[in-house]
Amino acid sequence: MKIQHILTILITMIFVCSLSTTSAQPIPQREWLVWSPDGTQIATVLSEEVVIWDVATQSILQRIQTFRPDDHIVQLEWSLDNRIALAFTDSSVGIWNSNDGKLITWLEIEQDSHVHQESISTLAWSPDGRFLVSGAFAEGYAVWDTQDYSLYNQVYTYTARD
């Protein structure tokens, strides 16, 4: 894979990001890039959309539309089996299939939980893809079992228990 291809994609994405900031609605400056696990694709976040690019051909392979104009994406993690987890400003988490762009599920926390009361600052897949962790340092973390997308456990930080 040539560095020239990667640079061309990055320049294109920067151009697209600059176009998206000309809209009347303010867009948070949280656009970023994430490599696919096999290193052949890059996912970019542009407001409420994820665009998946092929590095070799410089073409768009998939667009994941979240249809959440009031809530912006704040975190993205790509699993080894091509699932993309997205965290939003309203503390919700959605999981999409990166191959077809279809929503798999939304992960929801009980109302009385101290986890996800504020914006999520981190997402992480377990090495085997069985679990997804979402949360924020000040509150704690939710551990999700991705076989049935149920809440497996909650880990509260010291601050969340005070």
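Up top is the structure.
Residues numbered from 1 in each chain as written. Predicted model: local features only at pLDDT ≥ 70, side-chain atom pairs only at ≥ 80, totals over all residues. Heavy atoms only, no water.

Draft legend 1. Spotlight on the overall build of the protein. When helices and strands are counted, the protein shows two helices and 12 strands. Starting at the N terminus and ending at the C terminus, the protein contains elements arranged as α-β-β-β-β-β-β-β-β-β-β-β-β-α. For the protein, contacts bridging at least 24 residues in sequence account for 37% of all contacts bridging at least 6. For the protein, the computed accessible surface area is about 9000 Å², with 54% contributed by carbon and sulfur atoms. (Helix = DSSP H or I, 4+ residues; strand = E, 2+ residues; numbered from the N terminus. Contact = heavy atoms within 4.5 Å. Areas by Shrake-Rupley, 256 points an atom, 1.4 Å probe, with all protein chains shown as cover.)

Draft legend 2. Region of the structure containing the pairing of strand 8 (residues 103-107). Examined bridge by bridge, strand 7 (residues 93-97) and strand 8 share four bridges and lie antiparallel to one another. Directly across from V93, in strand 8, lies its bridge partner L107. (Pairing = 2+ DSSP bridges.)

Draft legend 3. Structural context of the side chain of R83. Here R83 lies in strand 6 (residues 83-88). When its relative accessible area of 9% is taken as the criterion, R83 is described as buried. Here the side chain of R83 touches T146 through a polar contact of 3.3 Å, side chain to side chain. Among the polar contacts made by the side chain of R83, one reaches the side chain of Y149 at a distance of 3.1 Å. Apart from residues lying up to four places away in sequence, R83 is in contact with E77, W78, I95, W96, I104, W125, G129, T146 and Y149. (Buried < 20%, exposed > 50% of the residue type's maximum accessible area, 1.4 Å probe, protein only. Polar contact = N/O pair within 3.5 Å; in protein donor to acceptor, adjacent residues only side chain to side chain.)

Draft legend 4. Summary view of the environment of A43. Its location among the elements puts A43 in strand 2 (residues 41-46). Looking at A43, the relative accessible area reads 0%, which means it is buried. With near-sequence residues (within four places) excluded, A43 lies in contact with W32, L33, V34, V50, V51, I52, L76 and W78.

Draft legend 5. Fine view of the packing of aromatic side chains. Counted under the stated rule, the structure contains four aromatic pairs. Look at F88 and W96: their rings are 6.3 Å apart centre to centre, the planes differ by 55°, and that puts the pair in the tilted class. Both rings, one in F131 and one in Y152, keep their centres 4.8 Å apart while their planes meet at 55°; by these two values the pair is tilted. A residue pair is termed long-range when its members are at least 10 positions apart, and F131 in strand 10 (residues 131-136) and Y152 in strand 12 (residues 150-156) qualify at 21 residues. According to the relative accessible area criterion, F131 is buried, its value standing at 18%. Through successive ring pairs, a cluster of aromatic residues spans F88, W96 and W106. (Phe/Tyr/Trp six-rings, centres within 6.5 Å; stacked < 30°, edge-to-face > 60°.)

Draft legend 6. Up close: the sheet that holds strand 5 (residues 73-78). Reading across the sheet, the four strands line up as 5-6-7-8 and stay open at both edges, with antiparallel pairing between neighbours. In this open sheet, the two strands that pair with only one neighbour each are strand 5 and strand 8. Adjacent strand axes in the sheet meet at a mean angle of 20°, parallel and antiparallel pairs treated alike. (Axes fitted to C-alpha atoms, helices over the stretch in contact; angles between N-to-C directions.)

Draft legend 7. Here's a closer look at the pairing of strand 5. Most of strand 5 is tucked away: five of the six residues are buried. One ladder, built from five bridges, connects strand 5 with strand 6; its direction is antiparallel. Across the sheet, the residue bridging to E77 is A85, located in strand 6.

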